[in-house]
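Residues per chain are reported as follows:
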Amino acid sequence: MRTATREQAVRDQAVREQALREQAARAALDTVFDPELDEPITDLGFVRAVTVTSEGALTVRLRLPTSFCSPNFAYLMASDSKDALTALPWTREVVVLLDDHHDSDLINRGLAADAGYRGTFGAEAEKDLEELRLTFRRKAHTAAMERALTLVLRADPDLTEEALYDVVLGDLPDTATSGALLRRREALGLGVAPTDPVLVDEDGRRYPPGEIPLRLRFARAVRVSIDGNAHFCRGLLRTRYPQSGADQSPRAGEPVPTGELVPGGQPIPGGERVPAEELVSGRELLHLTAPPKENVS
Amino acid sequence: MYSKDGENYFIVDAHVALWDARPENQLNIHGKQFIDCFYDYHRNLSPESELWPYEEYLYYGGERLMKDLFVEGYVDHAIFQPARLGAFYRNGFGQTEEAFALTQQHPDKLTYNHSWDPRYEQKGLDQLRRDAERFQLKGVKLYTAEWKGDSRGYKLDDPWTYRYLEACQELGINNVHVHKGPTIRPLDRDAFDVADVDKAATTFPEMNFVVEHCGLPRLEDFCWIATQEPNVHAGLAVAMPFIHSRPRYFAQIIGELLYWLDEDRIQFSSDYALWTPRWLIERFVDFQIPEDMTEYEPITLAQKKKILGLNAAAMYDIEVPAELGVAEPAVA
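Scoring rules and cut-offs
Residues numbered from 1 in each chain as written. Chains lettered and ligands numbered in written order. Predicted model: local features only at pLDDT ≥ 70, side-chain atom pairs only at ≥ 80, totals over all residues. Heavy atoms only, no water. Buried < 20%, exposed > 50% of the residue type's maximum accessible area, 1.4 Å probe, protein only. Helix = DSSP H or I, 4+ residues; strand = E, 2+ residues; numbered from the N terminus. Pairing = 2+ DSSP bridges. Phe/Tyr/Trp six-rings, centres within 6.5 Å; stacked < 30°, edge-to-face > 60°. Lys NZ or Arg CZ within 6 Å of the ring centre and 35° of its normal. Core = buried A, V, L, I, M, F, W, Y, C linked by side-chain atoms within 4.5 Å. Contact = heavy atoms within 4.5 Å. Expected span 1.5 Å × (residues − 1). Buried area = accessible area lost by both parts, 1.4 Å probe. Salt bridge = Lys/Arg side-chain N within 4 Å of Asp/Glu carboxyl O. Polar contact = N/O pair within 3.5 Å; in protein donor to acceptor, adjacent residues only side chain to side chain. Nonpolar A, V, L, I, M, F, W, Y, C, P; charged D, E, K, R; others polar. Axes fitted to C-alpha atoms, helices over the stretch in contact; angles between N-to-C directions. Parallel < 35°, antiparallel > 145°, perpendicular 65-115°, else oblique. Left-handed = near helix turned anticlockwise from the far one by under 90°. Disulfide = S-S within 2.5 Å. Right-handed = clockwise from strand over helix to strand, strands pointing away. Lys, Arg positive; Asp, Glu negative; His and termini not counted.

(A) Looking closely at the pairing of strand S3 (residues 12-16) of chain B. Residue and element names in this part refer to chain B. With five of five residues buried, S3 lies mostly within the body of the structure. Bridge count between S3 and strand S4 (residues 77-80): three bridges; the pairing is parallel. Across the sheet, Val 16 pairs through a bridge with Phe 80, a residue of S4.

And the structure:
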């Protein structure tokens, strides 16, 4: 019976290999963000299925909260997914499919042909989506800055808003909120030295102290808008795909940094993913250090 | 009129529709996708007791509309804001003839706004003049993400849009309700960006620009332009039902609007039949900014009265019984 045992062992090894690859694929998708909501598509529940064949062919299906989510953002997330998956060392054939969207056929054709944004949208595309991406990186930075500075103000009731002028990155506590701000700054090419001021515009320039209350107020509106959209989109996804709730991770004050969420992709029977926060205990700490969120109502 | 605790509220529902999304009116899959998207909004944000069956949601007709708004819904006056969606529905989404006939039957209760699309250029401009006369238009509803041929959107500062706005001004159509959707041409841009509303509002200072769902999902960009342009207003379509599903988020929206705009430039709407007005009005009258949200002032009784009806009444010259006004009149 030794042959049978060896065959069994080979099969087990193949199954393990496939599971590991599926896990690696999900980890790669953790690096793909919804630019509007500033969260990984995995946490949002946008990844519907990941399948790897024994030959190494990888298929990922994505789903969105409505058929009428903006097609430019839908395309960005789908093409970023394909890029992230293609970069894995073992992938050969990568298929990314966007389900149930008004532009599913168009986008899926474009992805299959690696046609790029202009090749996909033809006459509707003018140049590229880089400016759109930049606009939302700036918004993400503004919101992260507001979260960090609101914590600073709450920690010291005597501090005036104008005095935030002098707050530098080195003054911020070592929390997830501060870490999130640093990553948003890096994404925009802003300095991350401890001596760099926190309250800056998109080009890293400080606002005059007299302008600070207004600028902070506007930053709050940006944060309210992004957080509100994120909660609405998550809810709509659950309404549209009732089983998607199990795939969503609660929105923290900021997304978990790339690389810390690797165990999040443990496959479980039925192919559903264990929500990341059940496996990563550190995730809870992030929740505690994030600014107070709206009550779930 | 709605009454509670000895206070009476004059109600204007500034954004209602009479749509037909039944399969026989759907031109293609997008007709189904569009109404399914609406139905998910409805299911996601409504209290369980207010949920409609899908079949009724596809088409409800004038009789039910009258009952939901005026018999059960406390509404004194409602304004049709139709979306045409000619690329998705055979006879359009908003039912022009049916809605206009209802308006003629109940001129004291209903106002009919029509829509136009600048991409029809001169032909559409001629049509606008005929429509203005036939419907006695005071306002128009513009859905900027309407699909037409290989274009799936337009901007308010496009040259042809300006020609249509000039015609509106000349014809006395001074209220422009802008509804931003997910597509725009070119797709390089953020379709929800309201910078074009800013430009149009500056160019046409005598016209009112009501941005529906108060700029959501770009609340911040909307607030930023509205604070600078006194003729930019916030319509509360879509924002209202958050009062049930996410009351703290609703408080933040109202708090931000009251801070950046002022209480004279915010208009209630149920967005019927996405939602029905009755429960929204009841909840809004009971609503208060949570005490721990110290960044926002509490909302006052006068502000609620203005938002629920007096602001839109002033904009549309709808007569308000003297005892239902507030000491300081709304200025729209």
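(B) Spotlight on the packing of aromatic side chains. Applying the stated criterion across every chain, the model contains 42 aromatic pairs over all chains. Between Lys 139 of chain A and the ring centre of Phe 136 of chain A, over which it is positioned, the NZ or CZ distance is 5.6 Å. Seen from the ring of Tyr 120 of chain B, Lys 148 of chain B lies directly overhead, with NZ or CZ sitting 4.6 Å from the centre.

(C) Local environment of the environment of Ala 14 of chain A. Along the chain, Ala 14 of chain A falls in helix H1 (residues 2-29). With 40 residues separating them along the chain, Ala 14 of chain A and Ser 54 of chain A place their C-alpha atoms 7.2 Å apart.

(D) How the structure looks around the nonpolar core. Trp 19, Phe 93, Phe 209, Cys 214, Phe 222, Leu 257 and Phe 284 of chain B are the most contacted members of the largest nonpolar core, which has 115 residues in total. For this core, the element with the highest residue contribution is helix H10 (residues 247-260) of chain B, accounting for eight residues. Sequence-distant contacts of Phe 93 of chain B, that is, excluding residues within four places in its chain, are made with Leu 18, Trp 19, Asp 20, Ala 21, Phe 34, Ile 35, Phe 38, Ala 83, Arg 84 and Leu 85 of chain B. Membership of the second largest hydrophobic core comes to 41 residues, among which are Val 50, Val 96 and Ala 125 of chain A together with Leu 187 of chain B.

(E) Here's a closer look at helix H7 (residues 176-188) of chain A. Residues and elements named next belong to chain A. In a regular helix each residue adds 1.5 Å, so 13 residues correspond to 18 Å; H7 covers 18 Å between its end C-alpha atoms and thus fits that length. Along H7, the residues classified as buried are Ala 176, Thr 177, Ser 178, Gly 179, Ala 180, Leu 181, Arg 184, Arg 185 and Leu 188. In the segment just after H7, Gly 189 is the residue with positive phi, at about 80°.

(F) Summary view of the interface of chain A and chain B. Each partner contributes to the interface: chain A provides 47 residues, whereas chain B provides 40 residues. Summed over both sides, the interface of chain A with chain B buries roughly 4,100 Å², with 55% coming from carbon and sulfur. The largest contributions to the chain A side of the interface with chain B come from Phe 68, Glu 124 and Arg 217 of chain A, which together make up 20% of the buried area. Scanning the region where chain A abuts chain B turns up five salt bridges. Among the salt bridges present, the one from Asp 221 of chain B reaches Lys 139 of chain A, with a minimum N-O distance of 2.9 Å. At the junction of chain A and chain B, the tally comes to 22 residue pairs in polar contact (both at pLDDT 80 or more). For the side of chain A that touches chain B, the secondary structure elements donating two or more residues are helix H3 (71-86), helix H5 (116-121), helix H6 (130-155) and helix H8 (212-240) of chain A. Ranked by residues supplied to the side of chain A that touches chain B, first place goes to H8 of chain A with 18 residues. Looking at the side of chain A that touches chain B, its residues break down into 19 nonpolar, 14 polar and 14 charged.

(G) Quick peek at the packing of H6 of chain A against H8 of chain A. All names here are of chain A. Close contact between H6 and H8 brings their axes to 8 Å; oriented N to C, the two are set at 115°. By the angle class used here, H6 and H8 are roughly perpendicular. The handedness of the crossing between H6 and H8 is left-handed. Listed contacts from H8 to Lys 139, Ala 140, Thr 142, Ala 143, Glu 146, Arg 147, Leu 149 and Leu 153 of H6 are Leu 216, Ala 219, Arg 220, Val 222, Arg 223, Ile 226 and Asp 227. A breakdown of the residues in the contact of H6 with H8 according to their chemical character gives eight nonpolar, one polar and six charged.

(H) Looking closely at the state of the cysteines. Residue and element names in this part refer to chain B. Following the criterion strictly, the structure yields zero disulfides over all chains and no others. Here Cys 214 is not cross-linked by a disulfide; its sulfur's nearest cysteine counterpart is in Cys 223, at 7.4 Å. Since its relative accessible area comes to 0%, Cys 214 is described here as buried.

(I) Summary view of the pairing of strand S9 (residues 232-235) of chain B. All names here are of chain B. Here S9 shows a buried face lined by Val 232 and Ala 234 and a second buried face lined by His 233 and Gly 235. Direction of pairing for strand S8 (residues 208-211) relative to S9: parallel, over a ladder of three bridges. Residue Phe 209 lies in a different strand from S9, and its bridge partner there is Val 232. Handedness of the β-α-β unit built from S8, helix H8 (residues 219-226) and S9 comes out right-handed. As judged from the two bridges shared by S9 and strand S10 (residues 266-267), these two strands associate in the parallel manner. In the sheet register, Ala 234 faces S10, and the bridge partner there is Ile 266.

(J) Quick peek at the side chain of Asn 311 of chain B. You can see Asn 311 of chain B is positioned in helix H12 (residues 301-315). Its relative accessible area of 1% is what places Asn 311 of chain B among the buried residues.

(K) Here's a closer look at the sheet that holds strand S3 (residues 47-52) of chain A. Residues and elements named next belong to chain A. Read from one edge of the open sheet, three strands run S3-S4-S5, paired in mixed fashion. Strands with a single pairing partner mark the edges of an open sheet, and in this sheet they are S3 and strand S5 (94-98). For this sheet the average axis-to-axis angle between neighbouring strands, irrespective of direction, equals 10°. The pairing of S3 with strand S4 (residues 58-62) spans five bridges and is classified as antiparallel.

(L) Looking closely at the sheet that holds S8 of chain B. All names here are of chain B. What the five strands build is an open sheet, ordered S6-S7-S8-S9-S10; its pairing is parallel. Only two strands of the sheet have a single partner each, and these edge strands are strand S6 (139-143) and S10. Of the strands in this sheet, S8 and S9 are in contact with H8, which crosses S9 at around 145°.

(M) Region of interest: the side chain of Glu 256 of chain B. Position of Glu 256 of chain B relative to the elements: it lies in helix H10. For the buried Glu 256 of chain B, no salt bridge exists, and the shortest N-O distance to an oppositely charged side chain is 4.4 Å, to Arg 217 of chain A. A polar contact is formed between the side chain of Glu 256 of chain B and the side chain of Tyr 296 of chain B, at a distance of 2.6 Å. Leaving out residues up to four positions away in the same chain, Glu 256 of chain B has contacts with Arg 217, Arg 220, Ala 221 and Val 224 of chain A together with Leu 219, Cys 223, Leu 261 and Tyr 296 of chain B.

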